[in-house]
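# Coordinates in review
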Amino acid sequence: MIEVSGLTKLYDQFVAVNDLSLVVRPGEVLGLVGPNGAGKTTTLRCLAGIIPPTRGTIRVCGEDIATNAVAAKRQLAFLSDEPRLFEYLTVEQHLQFVARIYHVADAARLGRELLAELELSDKTSALPAELSRGMKQKLAIACGLLHSPRVIFFDEPLTGLDPLGIRRMKNSIVRRAREGAAIIISSHLLHLVEEICSRVLILKGGRKIADGTLDEIRRTFEQGGGARLEDIFIRATEEPPKVVS
Amino acid sequence: MMSAFVFLLSRSFINRTRARLRRLKQPKYLVGAFFGLLYLYFYFFQILFSRGRPGDEMLGGAGSIIGIFGPVILFLLVASAWIFPHERAALVYSEAEVAFLFPAPVSRRALIHFKLLKSQIAILFTVLLLTLITGRLFTSSHAWMRVLGWWVILSTLNLHFLGASFARTMLLERGISNWLRRSLVGLFLAALIALTVFWARQTIVPPAIANVADWAAWREYLQALLGTPPLSYLLFPLRMVLNPYLATSTLEFAKAFLPAVGVIALHYVWVVRSNVAFEEASVELSRRVAEKIAAGRAGQSLDASPKKRSRAPFALSPSGFAPVAFLWKNLISAQAAFRGRTILLLLIPLIIMAAMMGRIGKPGGVFIATASMLTMMCYVWSLFIGAQMIRCDFRRDLAAMDVLKLFPLRGWQVVAGELLAPVVILTVVQWLLLLLLGGLATFGGVTAGLPKMPLTWIVAAGCLTPFWNGLVLLIPNAAVLLFPGWFQTRVEAPQGIEVTGQRLLLLFGQMIVMGVTIIPAAAAFALGFVPFQYAGAETIAPLVGSAGAALVLAGEIALGVWLVGKLFDRFDLAAEQGG
């Protein structure tokens, strides 16, 4: 469960995120879309506790990320588009390190399963420098999912993955949502959002301009029943932003 | 095409300068620039502007030495370009230049011209620096001759290295392997030396061994030797290159400059007319250089892509004190700096000393005294500089701060975890040094002149060492979180004089903080030490003193870790990056 109320992030005078509120329940997948510079990544980094918000409250599984960060972070994973790995740790050592940080009891078995799912089983002793871009992304995903998080933030999760990896990643996201995880995906791949997200939130200039199911958003922007998210997105982001509470 | 290259380079330079000037609006860069300029002033200008400085006279005196050895040094540099390199011709371009210029309709010759143009900027900067260093610019009315003299030398070498790399590649393409080429060059040099020696023996009389200190006699001999054919023929073009730098009058310079420019022109024609495919190797080289630069700026090892896996120092179980995971991780990464070759290099002096001691067979000999002094110096040196050398902590992980912030750990846990590895590494090294010192003190107890090193003091130092390390390592780690902009967090992190100034400030700040924090520990040491010392218990006095000091240091470290942990919790890297 993710509950965000009045999230605002300022960089000096620049407003990156402006009074954003949202709720993502267990089993829901929220697609966070918006043009470049809309504040998607800043929002996700605030929600994950990487950067502090200027104002507002964020609760992850009922825990306030500002006042009880440790308990909140135990429940979440943040998977960014740019895998950040430790250059001298092998694939297996990355998982061992994360297992200790999160105290994952059955880490060896879970790690093996994740590596098999992500087709990294034969790379356990490889260093990041020996991995392709996609493999690095898979390793970062494996590290993020090792502790079976109940809340997952994906920032462009498919970047660098091959077609098979993309299909597996999509299936994995849907499966984890079915198992009760609350998920937010930020992506420019609108067909991905359309395919796997139960709700969509459109950000523009740091403000929320739409939030709801695809049908609700279609109605908001007076688009027909068959309108694709791409059409809605273009319509929504071309118009001057109207604030949705 | 050349106009496009000039546009690219000139606009890049102007924009970079503007960006640096704009950055000075931020106080941290303005203050940094002030101290950086102050540093430059004291390093260069103050010396150059001061009265009574050594000017042309001193360097003029050195002119004859440069005249003798200069061509030889140039010859060695030129010869090295034909002997040592083994790779194919590759010119370094930035990754952006590769991306834009290589697929563009730009001829190979134009690419070489662009490279030469870029080289000229670097050469002009180096010329300015060298002229400043050699103290010519402001001390001589002929400063412009030195500037042009350096320019001729560096431009010729640059073109020769480029031409040699093309020639080596052509030889490879014609089936002449690197070893065959080296053998031929080696044979040629050997023949040259043999002929010169033979000829010199027939014609020149060397100074008597008794006159070994008679520099004038040796100078004459060397001048005659280097003027002996066939060596003199080989050195002739190199003398032409050097002569403008050595000129003492405008007329002399004019006479020397024109032939030197002729040598440059010949080199230029050679390079430009070489039709060698360098693109593929250049792409690879440029990538490697970019990775090295990125790694260096991120505070990582310059070997950007680690090739060897490091073994885990111990098995890390999923349960237990979480900060130990950082110790485990950072010990793995630190192993990269302690490869077998490094350890061997560190051990060689010790092995040689041990062998010499064994051969002498006299415990307490001069070598024990030397070894003791050396070990002591290493220990003391490591106390102050060690924290700057072992950087497997926040300084290395700053680039991965996003990941650290994600972990479900309290700030103090992350800080404690990051401190563990460098403390452990430094302490182990220092304990080994103290152990060695203890052994040497036992051996060398009978030697007069050996620094007195009672074992109790060594034990006391050993007790204090880890706490001292904890404290001194805490300071730069706190600085990373307080002033992340002063450390390198990004590949495109700022460079320039203001950054130099910031680093100087940081160093001074660290020294001040260190000085302040050790005062209570020193007082605790004195409180424990003095009463026992005066009571006649000299053996245990240092131990009691060090125990008290260790307690105080431990308290300071605990408080420091807690405070820095709070800093970590509030740390906002995005704000730093945004700024």
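Because the structure is a prediction, the values reported are computed rather than measured.

## Some points on the overall build of chain A
A count of helical and extended segments in chain A gives nine helices and 10 strands. Computed over the C-alpha atoms, the radius of gyration of chain A is 18 Å, within 12% of the 18 Å expected from 2.2 N^0.38 for a compact globule of 245 residues. Dimensions along the principal axes, computed over C-alpha positions, put chain A at roughly 55 × 40 × 30 Å. Counting contacts in chain A only where the partners sit at least 6 residues apart, residues at least 24 apart contribute 68% of the total. Surface summary for chain A: the accessible area is close to 10,200 Å², and the carbon and sulfur share equals 48%. Seen as two clouds, the 32 positive and the 30 negative side-chain charges of chain A have centres 2 Å apart.

## Examining the overall build of chain B
When its secondary structure is counted, chain B shows 21 helices and zero strands. Counting the 579 residues in chain B, one finds 41% classified as buried. Expressed as a percentage of contacts within chain B between residues at least 6 apart in sequence, the contacts between residues at least 24 apart total 78%. In the structure as shown, chain B presents an accessible area of about 30,800 Å², 72% of it carried by carbon and sulfur atoms.

## Some points on the pattern of salt bridges
One pass over the full model with this rule turns up 16 salt bridges over all chains. Between R109 of chain A and E113 of chain A there is a salt bridge; the shortest N-O distance is 2.6 Å. Residue R109 of chain A and its partner E113 of chain A are located together in helix 4 (residues 107–117), separated by four residues, close to a single helical turn. Across the pair D397 of chain B and K329 of chain B runs a salt bridge, and its minimum N-O distance is 2.6 Å. Here D397 of chain B, found in helix 15 (residues 394–397), pairs with K329 of chain B, found in helix 12 (residues 324–334); they are 68 residues apart in sequence, far enough to count as distant. Here D397 of chain B and K329 of chain B have matching classes, each one buried. The network of salt bridges with common partners includes E28, R199, K208 and D211 of chain A.

## Notes on a positive patch on the surface
A contiguous patch of positive charge on the surface is contributed by R74 of chain A together with R410, K566 and R570 of chain B. Overall, the relative accessible area of 59% leaves R570 of chain B in the exposed class.

## Observations concerning the packing of aromatic side chains
Residue and element names in this part refer to chain B. This model, assessed by the stated rule, comprises 18 aromatic pairs over all chains. Note on Y93 and F114: the rings are 6.3 Å apart at their centroids and 5° apart in plane angle, and the pair reads as stacked. Linking Y93 in the loop between helix 3 (56–83) and helix 4 (95–101) with F114 in helix 5 (residues 108–133), this pair joins segments that are 21 residues apart in sequence. Geometrically, the ring pair formed by F525 and F529 is stacked, given 5.5 Å between the ring centres and 20° between the ring planes. Note that F525 and F529 are positioned in helix 19 (residues 497–534) at a spacing of four residues, about one turn of the helix. An identical accessibility class is assigned to F525 and F529; each is buried. A cation over a ring is seen here: R182 above W179, with NZ or CZ 4.6 Å from the ring centre.

## With respect to the confidence of the model for chain B
Residue and element names in this part refer to chain B. Residues at a pLDDT of 70 or more form 81% of chain B, whose mean pLDDT is 80. By mean pLDDT, helix 21 (residues 573–578) is the weakest element of chain B at 60, and helix 20 (residues 541–570) is the strongest at 93. Between residues 52–59, whose pLDDT stays under 50, and residues either more than four places distant or in other chains, the model counts 11 contacts. The ipTM assigned to the predicted complex is 0.82, against a pTM of 0.71.

## Re the pairing of strand 10 (residues 207–212) of chain A
Residue and element names in this part refer to chain A. Sheet analysis places strand 9 (residues 199–204) next to strand 10, joined by five bridges and oriented antiparallel. Residue L201 lies in a different strand from strand 10, and its bridge partner there is D211. Counting the residues in the hairpin turn of strand 9 and strand 10 gives two residues, including G205, whose phi is positive at 55°.

## A short note on the nonpolar core
By size, the foremost hydrophobic cluster in this structure holds 115 residues, and its most contacted members are F97, I183 and I185 of chain A together with F394 and F407 of chain B. F97 of chain A has contacts with F86 and L89 of chain A together with L316, A325, F326, W328, K329 and F407 of chain B, leaving out every residue within four places of it along the chain. The next biggest cluster of nonpolar side chains, apart from the first, holds 50 residues, and it includes L74, L116, A247 and F278 of chain B.

## Concerning helix 4 of chain A
Residues and elements named next belong to chain A. All of the buried residues in helix 4 are A107, G111, L114 and L115. Summarising the axial view, the buried residues of helix 4 lie within an arc of 100°, below the 170-degree limit, and thus occupy one face. Contacts from the buried residues of helix 4 go to helix 3 (91–102), helix 5 (133–145) and helix 6 (163–178). In the segment just after helix 4, E119 is the residue with positive phi, at about 55°.

## Some details on the sheet that holds strand 5 (residues 63–64) of chain A
Residues and elements named next belong to chain A. Ordered in space as 2-1-4-5, the four strands form an open sheet in which the pairing is antiparallel. Single-partner strands in this sheet number two, and they are strand 2 (14–24) and strand 5. Pairing geometry for strand 1 (residues 2–11) and strand 2, over seven bridges, is antiparallel. If you follow L10 over to strand 2, its bridge partner there is V15. Running over the sheet, helix 1 (residues 40–47) touches strand 1, strand 2 and strand 4 (55–60) and is turned about 120° from strand 1.

## Quick word on the state of the cysteines
This model, assessed by the stated rule, comprises zero disulfides over all chains. The thiol sulfur of C378 of chain B is not disulfide-bonded, and the nearest other cysteine sulfur, from C392 of chain B, lies at 20 Å.

## Side note on the interface of chain A and chain B
One widely used convention gives an interface's size as the accessible area the parts lose upon coming together. With 35 residues of chain A in contact, the opposing surface of chain B contributes 46 residues. Between chain A and chain B lies a buried interface of about 3,500 Å² when both sides are counted; carbon and sulfur atoms form 62% of it. At the junction of chain A with chain B, the criterion picks out one salt bridge. Here D402 of chain B and R45 of chain A are joined by a salt bridge, their closest N and O atoms 2.6 Å apart. Counting across the interface, chain A meets chain B through six residue pairs in polar contact (both at pLDDT 80 or more). Every element with two or more residues in the side of chain A that touches chain B is listed here: strand 1, helix 2 (69–74), strand 6 (76–79) and helix 3 of chain A. Among the residues making up the side of chain A that touches chain B, the classes are represented as 21 nonpolar, six polar and eight charged.

## Some remarks on the sheet that holds strand 7 (residues 151–155) of chain A
All names here are of chain A. Spatially, 6-7-8-3-9-10 is the arrangement adopted by the six strands of the open sheet, whose pairing is mixed. The sheet is open, and its two edges are formed by strand 6 and strand 10, each paired on a single side. On average, adjacent strands in this sheet sit at an angle of 15° to one another, irrespective of strand direction. Bridge count between strand 3 (residues 29–33) and strand 9: four bridges; the pairing is parallel.

Basis of the calculations
- Residues numbered from 1 in each chain as written.
- Chains lettered and ligands numbered in written order.
- Predicted model: local features only at pLDDT ≥ 70, side-chain atom pairs only at ≥ 80, totals over all residues.
- Heavy atoms only, no water.
- Helix = DSSP H or I, 4+ residues; strand = E, 2+ residues; numbered from the N terminus.
- Rg over C-alpha atoms; globule rule 2.2 N^0.38 Å.
- Contact = heavy atoms within 4.5 Å.
- Areas by Shrake-Rupley, 256 points an atom, 1.4 Å probe, with all protein chains shown as cover.
- Lys, Arg positive; Asp, Glu negative; His and termini not counted.
- Charge placed at Lys NZ, Arg CZ, Asp CG, Glu CD.
- Buried < 20%, exposed > 50% of the residue type's maximum accessible area, 1.4 Å probe, protein only.
- Salt bridge = Lys/Arg side-chain N within 4 Å of Asp/Glu carboxyl O.
- Patch = residues over 30% accessible without salt bridge, like charges linked within 9 Å, V, L, I, M, F, W, Y side chains within 5 Å.
- Phe/Tyr/Trp six-rings, centres within 6.5 Å; stacked < 30°, edge-to-face > 60°.
- Lys NZ or Arg CZ within 6 Å of the ring centre and 35° of its normal.
- pLDDT = per-residue confidence, 0-100.
- Pairing = 2+ DSSP bridges.
- Core = buried A, V, L, I, M, F, W, Y, C linked by side-chain atoms within 4.5 Å.
- Arc of directions from axis to C-beta.
- Axes fitted to C-alpha atoms, helices over the stretch in contact; angles between N-to-C directions.
- Disulfide = S-S within 2.5 Å.
- Buried area = accessible area lost by both parts, 1.4 Å probe.
- Polar contact = N/O pair within 3.5 Å; in protein donor to acceptor, adjacent residues only side chain to side chain.
- Nonpolar A, V, L, I, M, F, W, Y, C, P; charged D, E, K, R; others polar.

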